[in-house]
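Given next are the chains, with one letter for each unit.
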Amino acid sequence: MKKLVSLSLLAASFTVLFASTDAEELAVKKCGECHLMGVVSAEKLKNMKAPPYWAITRKARESYENKEDKIKYIIDYAISPSEDKMLFPKDTVKLFGVMPSQKGKVTQDELKLIAEYIIEEKSF
């Protein structure tokens, strides 16, 4: 019985580990180019296209009290971005413009996984 419980715990640990890895890979693939995820090079910094993901996460954490609202905001903004929805000062639009909609480029499920990952897993 102890072996069965131990194996179950081990399997659950690997599932969580790989889920985080999958979420991180997805986030880097879908968001990293513009939001400075993954390997940040001098070239990426020089050609920044959008606020870095950690700043977006910080703004969502400051603006919304519960986790679900933070995640909903990130998903909604990625699909239907607008200047009115921005959490950043209006001067940010002058620097980067309004994010283009990611509709058709990323699914709702992918966005949820990405949003959960950056809200829960990444610490700043």
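Please refer to the structure higher up on the page.
Criteria and cut-off values
- Residues numbered from 1 in each chain as written.
- Predicted model: local features only at pLDDT ≥ 70, side-chain atom pairs only at ≥ 80, totals over all residues.
- Heavy atoms only, no water.
- Helix = DSSP H or I, 4+ residues; strand = E, 2+ residues; numbered from the N terminus.
- Buried < 20%, exposed > 50% of the residue type's maximum accessible area, 1.4 Å probe, protein only.
- Lys, Arg positive; Asp, Glu negative; His and termini not counted.
- Salt bridge = Lys/Arg side-chain N within 4 Å of Asp/Glu carboxyl O.
- Contact = heavy atoms within 4.5 Å.
- 1 Å grid on protein atoms, 1.4 Å probe; cavity = no way out; pocket = protein on both sides within 12 Å on 5 of 7 lines; lining within 4 Å.
- Points joined across faces, edges and corners; volume = space filled by probe spheres on them.
- Nonpolar A, V, L, I, M, F, W, Y, C, P; charged D, E, K, R; others polar.
- Core = buried A, V, L, I, M, F, W, Y, C linked by side-chain atoms within 4.5 Å.
- Expected span 1.5 Å × (residues − 1).

Considerations on the side chain of Lys 59
Mapped onto the elements, Lys 59 comes out in helix 3 (residues 53-63). Of the side chains with opposite charge, Glu 62 lies nearest to the buried Lys 59, which makes no salt bridge, at 4.2 Å. Lys 59 has contacts with Leu 87 and Phe 88, leaving out every residue within four places of it along the chain.

Things to note about the layout of surface pockets
Taken as a whole, the largest pocket holds about 600 Å³ of empty space. Looking at the largest pocket, it is lined by 29 residues, and the ones nearest its centre are His 35, Ala 50, Ile 56, Tyr 77 and Met 99. Of all the secondary structure elements, the ones that give two or more residues to the lining of the largest pocket are helix 1 (2-35), helix 3, helix 4 (67-79), helix 5 (91-96) and helix 6 (108-121). With five residues, helix 1 is the largest single contributor of residues to the lining of the largest pocket. Of the residues assigned to the lining of the largest pocket, the class counts are 22 nonpolar, four polar and three charged.

Some points on the nonpolar core
Ranked by size, the top nonpolar core spans 25 residues in total, and within it Met 37, Ile 74, Leu 111, Ile 114, Tyr 117 and Ile 118 carry the most contacts. Of all elements in the fold, only helix 1, helix 3, helix 4 and helix 6 reach the threshold of two or more residues within this core. In terms of residue count, helix 4 provides more of this core than any other element does, seven residues in total. Those residues in contact with Ile 114, other than ones at most four positions away along the chain, are Leu 26, Ala 27, Lys 30, Cys 31 and Val 106.

A look at helix 4
Here helix 4 spans 19 Å end to end across 13 residues, near enough to the 18 Å set by a 1.5 Å rise per residue. Of all the residues in helix 4, the buried ones are Lys 70, Ile 71, Tyr 73, Ile 74, Ile 75, Tyr 77, Ala 78 and Ile 79.

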